[in-house]
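Take a look at the letters that make up each chain.
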Amino acid sequence: MRLVLLGAPGSGKGTQATRLRDHYRVPHISTGDLLRAAVKVGTPLGLQAKAVMEAGALVSDDIVLAMLEERLSQGDTGGGYVLDGYPRNLAQANSLDALLARLGQSVERAIQLDVDTELLIARIAGRAKAEGRADDNPESVRKRLQVYEEQTAPVIEFYRHQQKLTAVDGVGSMEAVFERVVEALDSRYA
Ligand code: AMP
């Protein structure tokens, strides 16, 4: 199961990715988590990424690709993975295909969690209170939604074109959305 999970900030990607990890017993690889860990430890890369992340912009493709490549080279990825937060633009989608081709792999499926913008904003506001993420302030949220529309939404078409995409209604309880995602994945595999 080599799965790409797509969706705007607040669409529930992270939550669903964790559940998919447990259900399919594959690692959850989140480039946002990898970057936040680098920021926390204070690596040179983390120091470089911190301000960009806080502003809600995208960290440079080269940095994120290098982190992802390093993560994919670890021993636990042989049976697949759930990618969350990558690819974020078309250049990254092409880089991922090239990287996986070198490893003799390919993306098998892409799931897009579909949630309308007003609900996204409400959900992020709730998360800001609960988790206190540095990039959950209103200005950064606006920027992240804009980046999603302009740069990440075309990635949906990229996977649609490859006939790997399934859009799933992301509105409802975590359980309800999870069931829809699993149904979408299992029905194509059956
Ligand atoms: P996320 O946790 O996926 O919402 O990511 C949080 C932030 O990390 C984003 O707003 C970006 O600044 C950065 N980030 C995460 N993944 C990527 C990526 N694939 N490319 C560039 N920046 C990323």
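Everything that follows concerns the structure shown earlier in this document.
Residues numbered from 1 in each chain as written. Predicted model: local features only at pLDDT ≥ 70, side-chain atom pairs only at ≥ 80, totals over all residues. Heavy atoms only, no water.

(A) A look at the site of the ligand. Close to the ligand lie 16 residues; Thr 31, Arg 36, Ala 57, Gly 85 and Gln 92 are nearest. In the environment of the ligand, a nitrogen atom lies 2.8 Å from a nitrogen or oxygen atom belonging to the side chain of Thr 31. Residue Arg 88 places a side-chain N or O atom 3.0 Å away from an oxygen atom belonging to the ligand. Compared with its free state, where it exposes 470 Å², the ligand has 96% of that area covered by protein. (Near = heavy atom within 4 Å. Polar contact = N/O pair within 3.5 Å; in protein donor to acceptor, adjacent residues only side chain to side chain. Areas by Shrake-Rupley, 256 points an atom, 1.4 Å probe, with all protein chains shown as cover.)

(B) Seen up close, the pattern of salt bridges. Scanning the model with the defined rule gives 10 salt bridges in all. Glu 54 serves as the salt-bridge partner of Lys 50, at 3.3 Å between the closest nitrogen and oxygen. Within this pair, Lys 50 and its partner Glu 54 are both found in helix α3 (residues 44-54), separated by 4 residues, close to a single helical turn. The partly exposed category is assigned to Lys 50, whose relative accessible area is 37%. (Salt bridge = Lys/Arg side-chain N within 4 Å of Asp/Glu carboxyl O. Helix = DSSP H or I, 4+ residues; strand = E, 2+ residues; numbered from the N terminus. Buried < 20%, exposed > 50% of the residue type's maximum accessible area, 1.4 Å probe, protein only.)

(C) Region of the structure containing unusual backbone geometry. The omega torsion across Tyr 86 and Pro 87 is 0°, close enough to zero to call that bond cis. Of note in the backbone geometry, Arg 25 takes a positive phi value of approximately 55° without being a glycine. Locating Arg 25 in the fold gives a position in the loop between α1 (13-24) and β2 (28-30). Given the relative accessible area of 75%, Arg 25 is considered exposed.

(D) Local environment of the packing of helix α2 (residues 31-41) against α3. Close contact between α2 and α3 brings their axes to 8 Å; oriented N to C, the two are set at 115°. Where α2 crosses over α3, the handedness of that crossing is left-handed. Across the interface between the two elements, Gly 32, Leu 35, Arg 36, Ala 38 and Val 39 from α2 touch Leu 45, Gly 46, Ala 49, Lys 50 and Met 53 from α3. The class makeup of the residues in the contact of α2 with α3 is 6 nonpolar, 2 polar and 2 charged. (Axes fitted to C-alpha atoms, helices over the stretch in contact; angles between N-to-C directions. Left-handed = near helix turned anticlockwise from the far one by under 90°. Contact = heavy atoms within 4.5 Å. Nonpolar A, V, L, I, M, F, W, Y, C, P; charged D, E, K, R; others polar.)

By themselves, these figures tell us nothing about what the structure is for.
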